[in-house]
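Here is what each chain is made of, one letter per residue.
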Amino acid sequence: MNTHTFLSLIQNNYDFERANTIFSEINLKKCWKQWLTAEFVHLLNNVGGPQLVQTEEQYLGLQDSEGVQQYLSYQKKVGVDVVKEKRTASRCDFGFELDNARHLFEIRCGTSTPSFNKKELTKFEEDIDRIDALKKSNPTLSLKALFAFYGVVSNKDAVLFKDIDNSLRCAYVLDTSLQGSSSISRLSHLKREGEPRLCLVAYHA
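Residues numbered from 1 in each chain as written. Predicted model: local features only at pLDDT ≥ 70, side-chain atom pairs only at ≥ 80, totals over all residues. Heavy atoms only, no water.

S.K.: Is there a simple way to explain the packing of aromatic side chains in this structure?
M.R.: Inspection of the entire model under this criterion finds 10 aromatic pairs. Both rings, one in Tyr-14 and one in Phe-40, keep their centres 6.0 Å apart while their planes meet at 80°; by these two values the pair is edge-to-face. One end of the pair, Tyr-14, is in the loop between α1 (3-13) and α2 (16-23); the other, Phe-40, is in helix α3 (residues 32-46), and 26 residues separate them in sequence. Both residues of the pair, Tyr-14 and Phe-40, belong to the buried class. Between Phe-40 and Phe-94 the ring centres are 6.5 Å apart and the planes differ by 65°, which places this aromatic pair in the edge-to-face class. Here Phe-94 lies in strand β4 (residues 94-98) and Phe-40 lies in helix α3, a separation of 54 residues in the sequence. Comparing Phe-40 with Phe-94, the two get one shared label, buried. By the ring-pair criterion, three or more aromatic residues cluster together here, those being Phe-6, Tyr-14, Phe-16, Phe-40, Phe-94, Phe-96 and Phe-105. (Phe/Tyr/Trp six-rings, centres within 6.5 Å; stacked < 30°, edge-to-face > 60°. Helix = DSSP H or I, 4+ residues; strand = E, 2+ residues; numbered from the N terminus. Buried < 20%, exposed > 50% of the residue type's maximum accessible area, 1.4 Å probe, protein only.)

S.K.: Would you take a moment to explain the sheet that holds strand β6 (residues 142-151) for this structure?
M.R.: Sheet strands associate in pairs through backbone hydrogen bonding, adopting either a parallel or an antiparallel arrangement. Ordered in space as β1-β4-β5-β6-β9-β7-β8, the 7 strands form an open sheet in which the pairing is mixed. For this open sheet the edge positions go to β1 (51-55) and β8 (184-186), each flanked by a neighbour on one side alone. Going from strand to strand, the sheet's axes swing by 25° on average, the running direction of each strand aside. Looking at chain direction, strand β7 (residues 171-175) and β8 are connected through 3 bridges and run antiparallel. Within the sheet, the bridge partner assigned to Val-173 lies in β8 and is Ser-185. Its contacts with the sheet place helix α4 (residues 118-137) against β5 (101-111), β6 and β9 (197-204), and it is angled at close to 170° to β6. (Pairing = 2+ DSSP bridges. Axes fitted to C-alpha atoms, helices over the stretch in contact; angles between N-to-C directions. Contact = heavy atoms within 4.5 Å.)

S.K.: I keep staring at the pattern of salt bridges and nothing clicks. Help me out?
M.R.: A pair can form between side chains of opposite charge whenever their charged atoms are brought close. Inspection of every chain in the model, using the stated rule, returns 13 salt bridges. When the shortest N-O distance is used, the salt bridge between Arg-87 and Glu-85 registers 2.9 Å. With its nearest N and O atoms 3.6 Å apart, the salt bridge here joins Lys-118 to Glu-125. We classify Lys-118 as partly exposed; its relative accessible area is 37%. Note on Glu-125: relative accessible area 15%, which makes it buried. Taken together, the salt bridges that share partners define one network made up of Asp-129, Asp-132 and Arg-169. (Salt bridge = Lys/Arg side-chain N within 4 Å of Asp/Glu carboxyl O.)

S.K.: Just checking my understanding: could you explain the pairing of β4 for this structure?
M.R.: Within a regular strand, the side chains alternate between the two sheet faces. In terms of burial, β4 is a largely internal element, 4 of the 5 residues being buried. Pairing analysis gives 3 bridges linking β1 to β4, with the strands arranged antiparallel. Following the sheet pairing, Gln-54 is matched in β4 by Gly-95. Sheet topology note: the β4/β5 ladder contains 5 bridges and is antiparallel. Bridging from a neighbouring strand, Phe-94 pairs with Phe-105 of β5. Taking the residues that link successive antiparallel strands as the turn, the β4-β5 hairpin has 2 residues, and the phi of Asp-99 there is positive, at about 55°.

S.K.: Got a minute to help me understand the side chain of His-103 in this structure?
M.R.: Looking at where His-103 falls in the secondary structure, it is placed in strand β5. Polar side-chain contacts of His-103 include one of 3.0 Å to the side chain of Ser-142. Among all residues touching His-103, those that are not within four sequence positions of it are Met-1, Phe-94, Gly-95, Phe-96, Leu-98, Ser-142 and Lys-144. (Polar contact = N/O pair within 3.5 Å; in protein donor to acceptor, adjacent residues only side chain to side chain.)

S.K.: I tried to follow the side chain of Asp-175 on my own but got confused; where do I start?
M.R.: Of note, Asp-175 is situated in strand β7. Engagement of the side chain of Asp-175 in a polar contact is seen with the side chain of Ser-177, the distance being 2.7 Å. If near-sequence neighbours (up to four positions away) are discounted, Asp-175 is found in contact with Ser-183, Leu-190, Lys-191, Arg-197, Leu-198 and Cys-199.

Rendered as structure tokens:
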């Protein structure tokens, strides 16, 4: 499942009206990630197709020479370590099985009102670095990083996207203010200005 397919699944089965209301309340900012994660897990459990939806799933490594399952542990300054104990493995925010493959997700939330906080985008970039490193250690993994943000995007804000969507990295975004196929585009082509709304960015490792 690529990023465009995942965003289409969410778009076709989720009503963002309530999400826009929740994300417009800045006093709920510290709850956004947990709330949206629960919303997506509930949706995936009921939409049909995805199976074995769960949160806090460990990242699997490759099996060793004796067929014993190994796990992956990631630290920002160290990188990826292969570990044998499940409890020491790094965990995703949620995951599910589809077409005989596990799809694992990191999720982050933020706001562009009144303008983007560079730290929020930097943390999303760190999520991207994280799943790229995990993917390198186990190429069989299907990993995605999500960034949900509420607000509007100016041309000045859009410059900050260059490290996320460029000739080497490809990120797509679902703009909940639009309908149909035009609502999903490359992040660099996201509609500027307009009314504040929730946008969901997805990157696939």
